[in-house]
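Next come the chains, spelled out residue by residue.
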Amino acid sequence: MQARLRLTRRQILAFRRRVGGLDERVATTAASLRRAAWAGLQDSMPRAALLSLHARLIGVEPSTWEHPSLVQVWGPRYSTYVVAERDFALFTLARLPERGKSRARAEQIAERLRAYLDGGRTTDREAGLAIRANPRYAAPTGTVAIRWEGARAPTIWMVPVPGIEPVDACRELARRYLHVFGPTTADGFARWAGISRRAGAHAFAALAGSLLPVRSPLGEELLLADDEPAMRAAETTPAPARLLPSGDAYFLLDGAERELLVPRADRRELLWTSRVWPGALLVEGEIRGTWRRAQHTVRIDAWGRPSRVVRDAVEAEAAALPLPGLDRAIDVVWNA
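Note that the structure is a prediction, hence the values are computed from the model and not measured. (Residues numbered from 1 in each chain as written. Predicted model: local features only at pLDDT ≥ 70, side-chain atom pairs only at ≥ 80, totals over all residues. Heavy atoms only, no water.)

## Description of the sheet that holds strand β1 (residues 5-6)
This is how it is decided: When DSSP finds two or more bridges between two strands, those strands count as paired. Secondary structure elements are defined from DSSP: runs of H or I of at least 4 residues count as helices, runs of E of at least 2 residues count as strands, and each element is numbered from the N terminus.
The strand order β1-β10-β11 describes an open sheet built from three strands, whose pairing is mixed. For this open sheet the edge positions go to β1 and β11 (219-224), each flanked by a neighbour on one side alone. As paired elements, β1 and strand β10 (residues 211-216) share two bridges and run parallel to each other. Paired with R6 across the two strands is R215, which belongs to β10.

## Brief notes about the packing of helix α7 (residues 186-193) against helix α8 (residues 197-206)
Inclusion rule: Whenever a helix is involved, its axis is fitted only over the stretch in contact; in every case the axis is a line through C-alpha atoms, and angles between N-to-C directions fall within 0 to 180 degrees. Relative orientations are named as follows: roughly parallel for angles under 35 degrees, roughly antiparallel for angles over 145 degrees, roughly perpendicular for angles from 65 to 115 degrees, and oblique for any other angle. It is the rotation of the near helix from the far one that decides the hand of a crossing: anticlockwise by less than a right angle makes it left-handed, clockwise makes it right-handed. We call two residues contacting when some pair of their heavy atoms lies within 4.5 Å. Three residue categories are used. Nonpolar comprises Ala, Val, Leu, Ile, Met, Phe, Trp, Tyr, Cys and Pro, charged comprises Asp, Glu, Lys and Arg, and polar comprises the others, including Gly.
Two elements in contact, α7 and α8, have axes separated by 8 Å at closest approach and are oriented at 125°. Here α8 runs oblique to α7, going by the angle between their axes. Where α7 crosses over α8, the two elements pack in a sense that is right-handed. Along its contact with α7, which presents A186, D187, F189 and A190, the element α8 presents R197, G200, A201, A203 and F204. Residues belonging to the contact of α7 with α8 are distributed by class as follows: six nonpolar, one polar and two charged.

## Focus on the pattern of salt bridges
Here is the rule we go by: We count a salt bridge whenever a side-chain nitrogen from Lys or Arg sits within 4 Å of a carboxyl oxygen from Asp or Glu. Classification of residues uses two cut-offs on accessible area relative to the type maximum, computed with a 1.4 Å probe and protein chains only: under 20% is buried, over 50% is exposed, and between them is partly exposed.
Inspection of the entire model under this criterion finds 25 salt bridges. For R99, the salt bridge goes to E98, with nearest N and O atoms at 3.4 Å. Judged by relative accessible area, R99 falls into the exposed class, the value being 52%. Residue classification places E98 among the partly exposed residues on the basis of a relative accessible area of 46%. Linking D331 and R328 is a salt bridge whose minimum nitrogen-to-oxygen distance equals 2.9 Å. When its relative accessible area of 32% is taken as the criterion, D331 is described as partly exposed. Among the charged side chains, a network of salt bridges with common partners joins R34, D87, E172, R175 and R176.

This is the structure in structure tokens:
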């Protein structure tokens, strides 16, 4: 099918900021928390999910990630995520292979975990030593729940199998991915979710009737048809500044998608490093640098020379970070 909609880089990034809630914060409610976590909030860096919530919602506090409507899971690519409790299956069971050795391994480890835990809870480290297998590999069965504080090993326990078929959960996860990262491809979804290309293609095929072929700067891609009006809509005014944590969905990209977000290769190397990624400095709708934090000090590596207005906006964002355990105000250090 021939693409009938041609999209520019500017349109795509404006759309992603809009659906990602990065242009304007909204009040914190169970519904807005779920929307903020529509594609999951990566929490592999301790409390990154909290800072992703802060970038999108008003009134986020150090304990907001513990809201009763949210849970932690080992989600895409076995990374730690914070997701809405009602979406638990989408980020776990959706990744269970239809057949083969990977599925057998996941189910066998889940059975051994259930027998070992016997209704109790323990750390993943202790359980792994006892069953001689990594408990993370049982996550795609949708039966392993976790709680990770950041400083210690995660606590794990078993939960009932979700009442949804894996193929249906995978289709809905693909829909989420398309909405947050669109336009995109089935291969892009498979890489993000950590599933096979075949599974990604099947999920997109199941959504075929609700997809719109488009032409982006990266080539032929797909968009949810329901998102076409939002993609065509006039741009909203981007926020003056946002401090996005490591792994935030807005820049959780790979391959050519990174080139779309950050055109300069030398700057991509600074953002997507070979080790732990820094945070991304989003200024007036564009990534303009990186940031890292150590205790009460936030260090900003700006790309270029920011104006006084931009500095004030960034420093205000830093001062408002809902960080737990700090006994003094945030100090911002600028690196040219």
